[in-house]
Amino acid sequence: MADCDAFFVQVARLEDPEGLGREPFLLVGGSSARGVVTSASYAARAKGVRSAMPTARAKRLCPEAVVVPVPRGACVERSRQVARVLSEHAPVVQPASIDEFYLDLTGTERMLRGEDLTRTADRIRREVRARTGVAVSVGGGTQRLIAKMAVGAAKPDGVHVVPPGREAAFMLGFDLKDLPGIGPAFLAKLQRRGLGSVADAVAVERDWLVRWFGEVRGRWLWERVRGIDPSEVDARERRKSISSERTFFEDVRDDDVLERRLLRLCCSVGRQLRAKELRARTVTVKIRDHDFRTRQAGSTQPEGVETDRGIFAVAASLLRELRNRRRAAVRLLGVGATNLVRQSEGTQTEMFDPRTTAATGRETDKDRDAARAADHVRGRWGRSALAPARVLEAPGKDG
Amino acid sequence: MDLTITRQNLHRALSAVTACLPAKTSLPVLSNILVECVDGGVRISGTDLDLWLRTTVPADVKTPGSVTVPGKKLEELAREMREAPVSMQLQGDQLNIHCGRSQFKVNGLPAEEFPALPEIDFGQGWSVVAKELHELIQKTAFAVSDEESRPVLMGVLWELREDEMRMVATNGHRLARMAVKAGSGGAEGKDFIVPPLALSHVQRLSDPEDEVEAAAGGNHLGFRLGATEVYTRLIEGTYPNYEQVIPKDNDRVARTTREDLARAVRRMGVMTSDQTHKIKLSFAAEQVRMNVTTPDLGEAHDELDVEYAGEPLEIAFNAVYLQEVLKVMGSEEVKMAFKTPERAATIEPGDGDSDYLCLVMPLRLVD
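These figures come from a predicted structure and were not determined experimentally.

(A) Highlighting the nonpolar core. Residue and element names in this part refer to chain B. Among the nonpolar cores identified, the biggest contains 70 residues, and Leu133, Trp158, Phe223 and Phe283 are the most heavily contacted of them. The dominant element in this core, judged by the number of residues it contributes, is helix α6 (residues 319-329), at 7 residues. Once residues within four sequence positions are removed from consideration, leucine 133 is found in contact with Val128, Trp158, Met165, Met167, Val202, Val212 and Phe223.

This is the structure:
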């Protein structure tokens, strides 16, 4: 795996080498009272600053830090450049996020004439740096999980390769919380059983792990702590979800305002779905109340939706449901689309004209055509060229 | 209340009635069943307020009375009791039960708290043979919608005419319609939109040879099946004009053995996507090719001999809709008819001796 070091910070510096390029303590993220750190320079990390930390707290830990917004466009462009260089070195490159890429070198053994994997990795790292300016760390191993864990050990700007046969021993050096796929809820369960480190879990027989955590998760854990990860690197791996969320400058109480914000999020999710020629059968709405209680509701439809109107019809009723259960001031609102179906899978034709059967929520061909036409207009005149009037009523003030 | 009843009779009545009790309810009395002494027996009722089930079984009643007690608990007790007469006495709101050397005291609620049954006058109704009703239900009810945004489609349309009755169900993507030559026998024509759950209880609780009486009252429909009654709330609204969507000019006709086609579609169905279940059928002279391509899973291809003489045709469907229709069709042969890849396809029994028709809307393919 190739992972760009403090990617957003690096890009911000590359964009402004004379200014930000010289700032040792640089934070990228929201600078408002409620903003959070997206990425911190290594010097700032040494002072205890972490990503996802509220910016206000980061500033207390590191008062000399300079905070700049995420250079989104530049990040996407640099990420593409990195991917291009990587794809010249590996037959399969799978982006795992904007700054992480899995490379499958299977089949290149003869081409590399038995070159040591560490040397190959180092060569790739140097070339990415030379051609894009971006420093990457490379972790290597026989499986995805090992490469991912190794890249942590390689950072910053280094290489770490786990030789074949040493996977289990390598894993023993980690805590369970370091494993990808172990979240806070699972971690709490593990702790209740007295399992903190990988070594703790390796000592437990598989049958017990299955009994404690269930068939699927028990087996999964048994395999992972031994460095076994059957998943393959797949460049075509499908997107499983598309989502959009917003933290507000000030908590929002007014239902009408929330609905308008929701519509705007639905438009963003819809645009991403259509750009990828996908439809979503499941729409979810997430709310974080002022007291940080996070709640979520979802609904699965027989037919996938791709238009802003279709997504909003489902999302609006979910939002009402969540608000009816607890009517607190809202800090964050999000919309997610999962259960994604390719548009090319075809459209189920309808027996009755939807207008006559009062199928209010259902997306029609007309809706789809209109959405595509609107995308076309936005493609030509810019994103803000066309938006639902309701969104325009509330001039954007959210962070 | 003081009565004696056989364990079997008690259990038979309870398992008939408790099937309609809601799994969760905010109204405690709905978890209970109403036990009433009537002439020569005991009558047991249960409801979830949309559906009522009531049955009467013979019992030896010494002192009349009535009470409501937790239905599922009483049913479990009746199932586990030894094979011996069961005696029940009421003490306040508590039901004391003795069976052999077993003794149970079950806390109940006063009978007055139990919701009243809909008032229906069976004298104003009609009667049909259960066998015919069963067939109508079995061949149509599967096609109802489960989408709450269109409540009328969640019910089965029951059209009652003087010399014929029909049932129709659809979810807007597939439709099933069946008619039998047995009508109301003189009563005026009526249409009802009936929740399929009520129909499945009617099917479960009646023998094919039984005579079923039906009658409507207010917004409810009642069925009398011997000593058992089923009452249901009707779905309000206007059923869409389904006749209008049934194509009359589908002239590309394919005939084949139902079982072979059903097996092939099931085989292909394994490889379809969980989301759309898309299967593509290509009809050409005397054969149909079936193709499934699911990007993350793989492909499936199959061929079947059919009688087909029309122009070559490529059409895609949700395989589940085809499977469901072919499963209930019942005939040895099926006749499928098409017009174009975007228009409704009809599927009928090949023998043509029953008035049964299914309609499936295709998946429109993207160019």
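(B) Quick peek at the packing of aromatic side chains. Applying the stated criterion to the full structure yields 14 aromatic pairs over all chains. Aromatic side chains tryptophan 212 of chain A and phenylalanine 213 of chain A sit 6.1 Å apart centroid to centroid with 80° between the ring planes, which places their arrangement in the edge-to-face category. Taking relative accessible area as the criterion, tryptophan 212 of chain A reaches 26% and is therefore assigned partly exposed. Between the aromatic rings of tryptophan 126 of chain B and phenylalanine 192 of chain B, the centroid separation amounts to 5.9 Å while the plane-to-plane angle is 10°, which identifies the pairing as stacked. Here tryptophan 126 of chain B, found in strand β10 (residues 126-129), pairs with phenylalanine 192 of chain B, found in strand β14 (residues 190-194); they are 66 residues apart in sequence, far enough to count as distant. Accessibility expressed as a relative area gives 7% for phenylalanine 192 of chain B, which makes it buried. Three or more aromatic residues joined by ring pairs make a cluster, and in this case those are Phe186, Trp208, Trp212, Phe213 and Trp220 of chain A.

(C) Quick peek at a nonpolar patch on the surface. A surface patch of nonpolar side chains, amounting to about 310 Å² of accessible area, comprises Val377, Trp381 and Leu386 of chain A. By the element assignment, leucine 386 of chain A lies in the loop between α14 (365-381) and α15 (389-393).

(D) Broad picture of the packing of helix α1 (residues 7-15) of chain A against helix α4 (residues 72-87) of chain A. Residues and elements named next belong to chain A. Closest axis-to-axis distance for the α1/α4 pair is 10 Å, and the angle between their directions is 100°. For the element pair α1 / α4, the angle class is roughly perpendicular. Here Phe7, Phe8, Val11, Leu14 and Glu15 of α1 lie close against α4, whose contacting residues are Ala74, Cys75, Arg78 and Ser79. Its residues assigned to classes, the contact of α1 with α4 comprises 6 nonpolar, 1 polar and 2 charged.

(E) Spotlight on the sheet that holds strand β3 (residues 37-40) of chain A. All names here are of chain A. If you trace the 3 strands from one edge of the open sheet to the other, you get β3-β2-β4, paired in mixed fashion. Here the strands that pair on one side only, and so sit at the sheet edges, are β3 and β4 (66-68). Taking each pair of neighbouring strands and ignoring which way they run, the sheet shows an average axis angle of 30°. Where strand β2 (residues 26-29) and β3 come together, 3 bridges link them in antiparallel fashion. Bridge pairing in β3 links leucine 27 to alanine 40.

(F) Highlighting the pairing of strand β18 (residues 252-257) of chain B. Residue and element names in this part refer to chain B. Relative to strand β24 (residues 333-338), β18 runs antiparallel, the two sharing 6 bridges. Counted as the bridge partner of valine 253 is alanine 337 from β24. Examined bridge by bridge, β18 and strand β22 (residues 307-308) share 2 bridges and lie antiparallel to one another. Counterpart to arginine 255 in the pairing with β22 is glutamate 307.

(G) Focus on the sheet that holds strand β9 (residues 102-107) of chain B. Residues and elements named next belong to chain B. Read from one edge to the other, the open sheet built from 5 strands follows the order β5-β1-β7-β8-β9, with strand pairing classed as antiparallel. Across the chains shown, the open sheet's two edge strands, defined by having one partner strand only, are β5 (60-63) and β9. Adjacent strand axes in the sheet meet at a mean angle of 15° when their direction is disregarded.

The rules behind each value
- Sequence positions are assigned chain by chain, starting from 1 and proceeding in written order.
- Starting at A for chains and at 1 for ligands, labels are handed out in the order in which the entities are written.
- This being a predicted model, a pLDDT of at least 70 is required before a residue's local features are given, and a value of 80 or more before pairs of side-chain atoms are given or counted; all residues contribute to the totals for chains, interfaces and linings.
- Neither water nor hydrogens contribute to the side-chain values; these are computed over all heavy atoms in the structure.
- In these notes, a set of buried Ala, Val, Leu, Ile, Met, Phe, Trp, Tyr and Cys residues joined through side-chain atoms within 4.5 Å is what counts as a nonpolar core.
- Per-residue accessibility, obtained with a 1.4 Å probe over protein chains only, is compared with the maximum for each type, and a residue is labelled buried under 20%, exposed over 50%, and partly exposed between these values.
- Secondary structure elements follow DSSP: runs of H or I of four or more residues count as helices, runs of E of two or more count as strands, with numbering from the N terminus.
- Note on definitions: a residue-residue contact is assigned when non-hydrogen atoms from the two residues lie within 4.5 Å.
- Classification of ring pairs rests on two measures: the distance between centres of Phe, Tyr or Trp rings, Trp counted by its six-membered ring, which must be within 6.5 Å, and the angle between planes, read as stacked under 30 degrees, edge-to-face over 60 and tilted in between.
- Like-charged residues are merged into a patch within 9 Å and nonpolar side chains (Val, Leu, Ile, Met, Phe, Trp, Tyr) within 5 Å, provided each residue has over 30% relative accessible area and no salt bridge.
- The Shrake-Rupley method, run with a 1.4 Å probe, gives the accessible areas here. Residue values count only the displayed protein chains as cover.
- The term salt bridge refers to a pairing of a side-chain nitrogen on Lys or Arg with a carboxyl oxygen on Asp or Glu at a separation within 4 Å.
- Here an angle of 0 to 180 degrees is reported between the N-to-C directions of two axes, which are lines fitted to C-alpha atoms, with helices fitted over the stretch in contact.
- Angle categories are assigned with fixed cut-offs, so that under 35 degrees is roughly parallel, over 145 is roughly antiparallel, 65 to 115 is roughly perpendicular, and the rest are oblique.
- Polar here means any residue outside two lists: the nonpolar Ala, Val, Leu, Ile, Met, Phe, Trp, Tyr, Cys and Pro, and the charged Asp, Glu, Lys and Arg; Gly therefore counts as polar.
- Pairing between two strands requires that DSSP report at least two bridges joining them.

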